[in-house]
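# Architecture and fold: a report
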Amino acid sequence: MYEEVKEICKLNTDIYKCISQDIDTDRVVLTDKSAIHIADSHPDAYKEVLIELRDTILTPDYIIADEKRLNTGLVIKRIAPDEIDSEHTFIVLKICTDSKNGILANSIISGWKISDKRLKSYLRNKEILYKR
């Protein structure tokens, strides 16, 4: 039985080489398994995260190193217009370094919203790979 996969967008490999120099495909997908994980783990953010996925991947504000997973980045983009108390989408993106001749793709693992305060904490304490 195959898992349903939804193609989200094409990756700008120039931006995402900060995660891995060995990007094997520009396809970005969201699997049913990951969509269910987002819905179950972050139900309050599910709809907004899905709406913002494409834009977050295409024009990230920041990409932060994922200390736990190889070839994975934490992709962040501001979504709330309020400059004082803004919210950001936070996407965990796994870069595909071996697409098995186009069968596999870069994959969204999870996603949720973070506050401006949480973003500032990440920027102070984590390795920033990319800043727009």
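Preceding this paragraph is the structure being described.
Here's what I pulled together on the structure shown here. Since we're looking at a predicted model, the values are computed, not measured.

Rules used in this analysis
Residues numbered from 1 in each chain as written. Predicted model: local features only at pLDDT ≥ 70, side-chain atom pairs only at ≥ 80, totals over all residues. Heavy atoms only, no water. Helix = DSSP H or I, 4+ residues; strand = E, 2+ residues; numbered from the N terminus. Contact = heavy atoms within 4.5 Å. Buried < 20%, exposed > 50% of the residue type's maximum accessible area, 1.4 Å probe, protein only. Pairing = 2+ DSSP bridges. Arc of directions from axis to C-beta. Core = buried A, V, L, I, M, F, W, Y, C linked by side-chain atoms within 4.5 Å. Axes fitted to C-alpha atoms, helices over the stretch in contact; angles between N-to-C directions.

## A few points about the environment of I63
Positionally, I63 belongs in strand β3 (residues 62-65). For I63 and F90, which are 27 residues apart along the polypeptide, the C-alpha to C-alpha distance reads 9.6 Å. Other than its neighbours up to four places away in sequence, I63 contacts I15, Y16, C18, I19, G73, L74, V75, E127, I128, L129 and Y130.

## Considering the pairing of strand β2 (residues 27-31)
Where burial is concerned, most of β2 is hidden: four out of the five residues are buried. As paired strands, strand β1 (residues 5-10) and β2 are joined by five bridges and run antiparallel to one another. Bridge pairing in β2 places K10 opposite R27. When β2 meets strand β6 (residues 106-115), the two strands line up parallel, connected through two bridges. Bridge assignment links V28 to a residue of β6, and that residue is N106.

## Points about helix α2 (residues 32-41)
When we look at burial in α2, the residues that qualify are S34, A35 and I38. The buried residues of α2 occupy one face: seen down the axis, they fall within an arc of 100 degrees. Along α2, exposed side chains directed more than 90 degrees from the buried face belong to K33 and D40.

## Here's the deal with the nonpolar core
Where a protein is soluble and globular, its nonpolar side chains tend to be buried together. The biggest cluster of nonpolar side chains holds 21 residues, and the ones touching the most others in it are L11, Y16, V28, I57, L93 and I108. Contributions of two or more residues to this core are made by β1, α1 (13-16), β2, α2, α3 (46-58) and β5 (87-94). With three residues, the top contributor of residues to this core is α3. Dropping the residues within four chain positions of it, L11 is found in contact with Y16, I23, D26, V28, I57, L93, I95 and N106. The next biggest cluster of nonpolar side chains, apart from the first, holds nine residues, and it includes Y62, L74, I76 and I114.

## Side note on the environment of D24
With respect to the helices, strands and loops of the structure, D24 is situated in the loop between α1 and β2. Owing to a relative accessible area of 40%, D24 belongs among the partly exposed residues under this scheme. For D24 and I95, which are 71 residues apart along the polypeptide, the C-alpha to C-alpha distance reads 8.4 Å. The residues contacting D24, other than those within four sequence positions of it, are C96, T97, D98, S99 and K100.

## Thoughts on the sheet that holds β5
Strand order in the open sheet made by the seven strands is β1-β2-β6-β5-β4-β3-β7, with mixed pairing throughout. Looking at the sheet topology across the chains shown, the edges are occupied by β1 and β7 (128-131). Neighbour-to-neighbour, the strand axes of this sheet turn through a mean angle of 30 degrees, independent of strand direction. Running over the sheet, α2 touches β2 and β6 and is turned about 60 degrees from β2. Sitting on the sheet, α3 is in contact with β1, β2, β4 (72-78), β5 and β6, with an inclination near 70 degrees to β5.

All we've got here are geometric facts, nothing functional implied.
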